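The primary structure of each chain is shown beneath.
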Amino acid sequence: MRNDAYKSAQIYKEKMKAFHDKAIQRKTFEIWQKVLLFNSRLRLFLGKLRSRWYGPVVVTNVFPHGAVEIQNDKTGNIFKVNGHRLKPYYESFELGKESMHVDAPPPSII
């Protein structure tokens, strides 16, 4: 009976590991890509609505073991961080400014 319980627990663990690993999204970074850095420093009275993502910063080098070298544009500091602390930065863009003038209010439906 113990042997059956051990085997069924092992099968359950393998299935849960496969399910968990399938859901993990791999991150790949390229040189000169802008990214956001997660600020994980412990602060006791951090603002409730304050974002913990710092940036954007620029990737200067990507190492094969998961480390990424980034550079702050404002200060010029270069340092290495774990790739798990980064996420891509998507810049907002404007396609062509389109303006619309309204001369009169639309007629009411009432």
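Reading the values: rules and limits
Residues numbered from 1 in each chain as written. Predicted model: local features only at pLDDT ≥ 70, side-chain atom pairs only at ≥ 80, totals over all residues. Heavy atoms only, no water. Helix = DSSP H or I, 4+ residues; strand = E, 2+ residues; numbered from the N terminus. Buried < 20%, exposed > 50% of the residue type's maximum accessible area, 1.4 Å probe, protein only. Contact = heavy atoms within 4.5 Å. Areas by Shrake-Rupley, 256 points an atom, 1.4 Å probe, with all protein chains shown as cover. Salt bridge = Lys/Arg side-chain N within 4 Å of Asp/Glu carboxyl O. Expected span 1.5 Å × (residues − 1). Pairing = 2+ DSSP bridges. Axes fitted to C-alpha atoms, helices over the stretch in contact; angles between N-to-C directions. Core = buried A, V, L, I, M, F, W, Y, C linked by side-chain atoms within 4.5 Å.

To continue, consider the overall build of the protein. Looking only at helices and strands, the protein features one helix and five strands. When the helices and strands of the protein are placed in sequence order, the string is α-β-β-β-β-β. Within the span of the protein, comprising 110 residues, buried residues form 14% of the whole. Considering only residue pairs separated by 6 or more positions, the protein has 45% of its internal contacts joining residues 24 or more positions apart. Counting only carbon and sulfur atoms, one obtains 57% of the accessible surface of the protein, whose full area is about 10500 Å².

Quick look at the pattern of salt bridges now. Enumeration over the complete set of coordinates arrives at two salt bridges. Measuring nitrogen to oxygen at the nearest pair gives 2.8 Å for the salt bridge that ties D21 to K17. Taken together, the residues D21 and K17, both in helix α1 (residues 2-23) and four residues apart, mark about one turn of the helix. The partner of K34 in a salt bridge is E91, with the nearest N and O atoms 3.6 Å apart. With a gap of 57 residues between them, K34 in strand β1 (residues 34-38) and E91 in the segment after β5 (86-88) connect regions that are remote in the sequence. The class for K34 is partly exposed, based on a relative accessible area of 31%.

A few words now on α1. Between its first and last C-alpha, α1 extends 32 Å over 22 residues, near the 32 Å set by a 1.5 Å rise per residue. Among the 22 residues of α1, zero are classified as buried, and the element is accordingly described as predominantly exposed.

What follows concerns the sheet that holds strand β4 (residues 78-82). Reading across the sheet, the five strands line up as β4-β3-β2-β1-β5 and stay open at both edges, with antiparallel pairing between neighbours. Edge strands, defined here as strands with exactly one partner in the open sheet, are β4 and β5. Each neighbouring strand pair of the sheet contributes to a mean axis angle of 50°, computed without reference to strand direction. Here four bridges tie strand β2 (residues 53-62) to strand β3 (residues 67-71), and the two strands are oriented antiparallel to one another. Each residue of the ladder has a partner; that of N61, found in β3, is E69.

Here we take up the nonpolar core. Within the largest apolar cluster, nine residues are counted, these being F29, V35, L37, V57, V59, V68, I70, V81 and L86. Those elements that place two or more of their residues in this core are β1, β2 and β3. If we skip the residues at most four places from it in the chain, V35 touches F29, P56, V57, V59, I70, L86, K87, P88 and Y89.

Next up on the list: the environment of S40. Summarising the element assignment, S40 is placed in the loop between β1 and β2. Using a relative accessible area of 46% as the deciding quantity, one classes S40 as partly exposed. Considering only alpha carbons, one finds S40 and R85, 45 residues apart in sequence, at a separation of 8.6 Å. Not counting residues up to four positions away in its chain, the partners in contact with S40 are R52 and R85.

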